[in-house]
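In case you want the letters, here they are:
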Amino acid sequence: MKKTSTRLADGRELIYYDNRDDTVRTAADPRPLAAVATTSEVRHDRLLDDHVAIASHRQDRTYLPPADECPLCPSAAGRPTEIPDASYDVVVFENRFPSLAGAAGRCEVVCFTSDHQASFVDLTEEQVALVLTAWTDRTAELAGLDAVEQVFCFENRGTEIGVTLAHPHGQIYAYPFTTPRTARMLRSTARHRTTTGRNLFDEVLAGELADGSRVVLETDAWVAFVPYAAHWPYEVHLYPRRRVPDLLALDPAARAEFPRVYLDLLRRFDRLFGPDAPPTPYVAGWHQAPFTAPAEREEFALHLELFTIRRTAGKLKFLAGSESGMNVFINDVPPEDAARRLREAA
């Protein structure tokens, strides 16, 4: 793998990740761009003890452009884009319309392939391995920033999810705080350790393996299961068998197996609703330990959560009163049924 860092015309960082060590990247950004101006601000909700990013400049972000105006495709003659070169393997760059910026953190875009018509599921195992390398490298780099406490690598697919650019891509959010969801996990693991002397993540994984009814697939290095109290109609959690706090700590065996395992899961999601159904919209994200408090990092377990808001072929799961108003989810699909259907979709 070769990594090449450069700057766009407005000063934002752009990084190429190439499978070939002899790849040379010299193309410059010809666009007359002004420096990025953001209004990002993180506000603390004292009643809920969580944070909200206020980012009014995002109202002007690019919204569902036609394919020939996609800003994530490689540049072509007379049509410069966010990526100056005429081709690429994987590219990461600072978001032009970030939710978090400066002292409030950082947001990056990850382009998985230069092929506009592809999706993550269309990548080869070699390409997925390169994406995993990019996620890991960016996690390490962003964790070194003074303003950053936690790094979240994720992908949204499908307009139903809210995607505004059709090109296959994901994002990385570097938060200046520990996210509420992770903080709740850490409180639960600390309480469990105090009362039982054992690790909660280990017990959850062991319990799912012992029960078996919600396990979707397992390999030497990974286990994928639908959680006992799944929030979403079809939701899978993917754990390495060896507990580690973040992507940096994955061992070679887990890295080698991940591309095959993850592509298998994505293909199953696309088969769920029949051969004539459009691609399944989903959110997939890596849950990593915050880069603070060594004792908490020791207890945390890296895992990927993958879920869709589609509950049947023609119906979506909307967050209504109970979910949006009180954060109490109501799931129409029993987790055991969801796991069975995902096993059958192999």
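One can find the structure itself at the top, above this paragraph.
Residues numbered from 1 in each chain as written. Predicted model: local features only at pLDDT ≥ 70, side-chain atom pairs only at ≥ 80, totals over all residues. Heavy atoms only, no water.

Asker: Explain the packing of aromatic side chains to me, using residue names and the numbers behind them.
Answerer: Scanning the model with the defined rule gives 19 aromatic pairs in all. Taken together, Phe112, Phe120, Trp135, Trp222, Phe258, Tyr262 and Trp286 form an aromatic cluster joined through their ring pairs. Stacked on the ring of Tyr16, the Lys or Arg Arg25 has its end atom at 4.6 Å from the ring centre. (Phe/Tyr/Trp six-rings, centres within 6.5 Å; stacked < 30°, edge-to-face > 60°. Lys NZ or Arg CZ within 6 Å of the ring centre and 35° of its normal.)

Asker: An account of the environment of Ser119 is needed here, citing residue identities and associated values.
Answerer: Structurally, the position occupied by Ser119 is in the loop between strand S6 (106–111) and helix H1 (125–143). Using a relative accessible area of 12% as the deciding quantity, one classes Ser119 as buried. Sequence separation between Ser119 and Pro168 is 49 residues, and the spatial gap between their C-alpha atoms is 5.2 Å. Aside from chain neighbours lying at most four places away, what touches Ser119 is Arg157 and Pro168. (Helix = DSSP H or I, 4+ residues; strand = E, 2+ residues; numbered from the N terminus. Buried < 20%, exposed > 50% of the residue type's maximum accessible area, 1.4 Å probe, protein only. Contact = heavy atoms within 4.5 Å.)

Asker: Describe the sheet that holds strand S2 (residues 13–18), naming the residues involved and giving the relevant values.
Answerer: With antiparallel pairing, the 11 strands of this open sheet are ordered in space as S1-S2-S5-S6-S8-S7-S12-S13-S11-S10-S9. Both edges of this open sheet fall to strand S1 (2–7) and strand S9 (215–218), since each of them pairs with a single strand only. Neighbouring strand axes in the sheet, compared pairwise and without regard to direction, differ in orientation by 20 degrees on average. Bridging between strand S11 (residues 234–240) and strand S13 (residues 303–308) involves 5 bridges; their strand directions are antiparallel. Of the residues in S13, the one forming a bridge with Tyr234 is Thr308. Contacts from H1 reach S1, S2, strand S5 (90–94), S6, strand S7 (150–157), strand S8 (169–175) and strand S12 (282–287), with the element oriented near 145 degrees to S2. (Pairing = 2+ DSSP bridges. Axes fitted to C-alpha atoms, helices over the stretch in contact; angles between N-to-C directions.)

Asker: If you had to explain the packing of helix H2 (residues 180–196) against helix H3 (residues 200–211) to someone new, which residues and values would you point to?
Answerer: At their nearest, the axes of H2 and H3 sit 8 Å apart, and the two run at 90 degrees to each other. If you check the angle between H2 and H3, you find them roughly perpendicular. Contacts between H2 and H3 pair Met185, Ser188, Thr189 and His192 from the former with Leu200, Phe201 and Glu203 from the latter. (Parallel < 35°, antiparallel > 145°, perpendicular 65-115°, else oblique.)

Asker: I'd like a description of the layout of surface pockets, backed by residues and values.
Answerer: Computed from the structure, the second largest pocket encloses a volume of approximately 520 Å³. Lining the second largest pocket we find 27 residues, and of these Thr62, Asn95, Thr164, Leu165 and His169 sit closest to its centre. For the lining of the second largest pocket, the secondary-structure elements that each account for two or more residues are S7 and S8. Class assignment of the residues belonging to the lining of the second largest pocket gives a composition of 11 nonpolar, 9 polar and 7 charged. (1 Å grid on protein atoms, 1.4 Å probe; cavity = no way out; pocket = protein on both sides within 12 Å on 5 of 7 lines; lining within 4 Å. Points joined across faces, edges and corners; volume = space filled by probe spheres on them. Nonpolar A, V, L, I, M, F, W, Y, C, P; charged D, E, K, R; others polar.)

Asker: Lay out the nonpolar core with the relevant residues and their values.
Answerer: With 54 residues, the main nonpolar core has Phe120, Trp135, Trp222, Phe258 and Trp286 as its most contacted residues. Ranked by the residues each element gives to this core, the list is headed by helix H4 (residues 252–271), at 8 residues. The residues touching Phe120, leaving out its near neighbours within four places in the chain, are Phe112, Val128, Val131, Trp135, Glu155, Tyr262, Leu263, Leu266 and Tyr282. Counting residues in each nonpolar core, the second largest holds 13 residues, with Tyr16, Leu72, Tyr88 and Leu165 among its members. (Core = buried A, V, L, I, M, F, W, Y, C linked by side-chain atoms within 4.5 Å.)

Asker: Describe the packing of H1 against H4, listing the residues and the values that go with them.
Answerer: In contact at an axis separation of 9 Å, H1 and H4 are set at 115 degrees when each is read in the N-to-C sense. Considering only the axes of H1 and H4, their crossing is right-handed. Here H1 contributes Glu125, Val128, Ala129, Leu132, Trp135 and Thr136 to the contact with H4, which in turn contributes Arg255, Phe258, Pro259, Arg260 and Leu263. (Left-handed = near helix turned anticlockwise from the far one by under 90°.)

Asker: An account of H1 is needed here, citing residue identities and associated values.
Answerer: Spanning 19 residues, H1 covers 27 Å between terminal C-alpha atoms, matching the ideal 27 Å at 1.5 Å per step. Turning to H1, its buried residues number three or more, namely Val128, Leu130, Val131, Leu132, Ala134, Trp135, Thr136, Asp137, Arg138, Thr139 and Leu142. (Expected span 1.5 Å × (residues − 1).)

Asker: Describe in detail empty space enclosed by the protein, supporting the description with residues and values.
Answerer: Counted by the stated rule, this structure contains 1 cavity of 30 Å³ or more. Approximately 40 Å³ is the volume attributed to the largest cavity. Lining the largest cavity we find Trp135, Cys153, Phe154, Glu155, Tyr262, Ala284, Gly285, Trp286 and Leu304. Of all elements in the fold, only S7 and S12 reach the threshold of two or more residues within the lining of the largest cavity. Tallied by class, residues from the lining of the largest cavity come to 7 nonpolar, 1 polar and 1 charged.

Asker: Explain unusual backbone geometry to me, using residue names and the numbers behind them.
Answerer: Even without glycine at this site, Asp49 takes up a positive phi of about 55 degrees. By the element assignment, Asp49 lies in the loop between strand S3 (41–45) and strand S4 (50–54). We note that Asn327 has phi near 60 degrees; this positive angle belongs to a residue other than glycine. With respect to the element layout, Asn327 can be found in the loop between helix H6 (321–326) and helix H7 (335–344).

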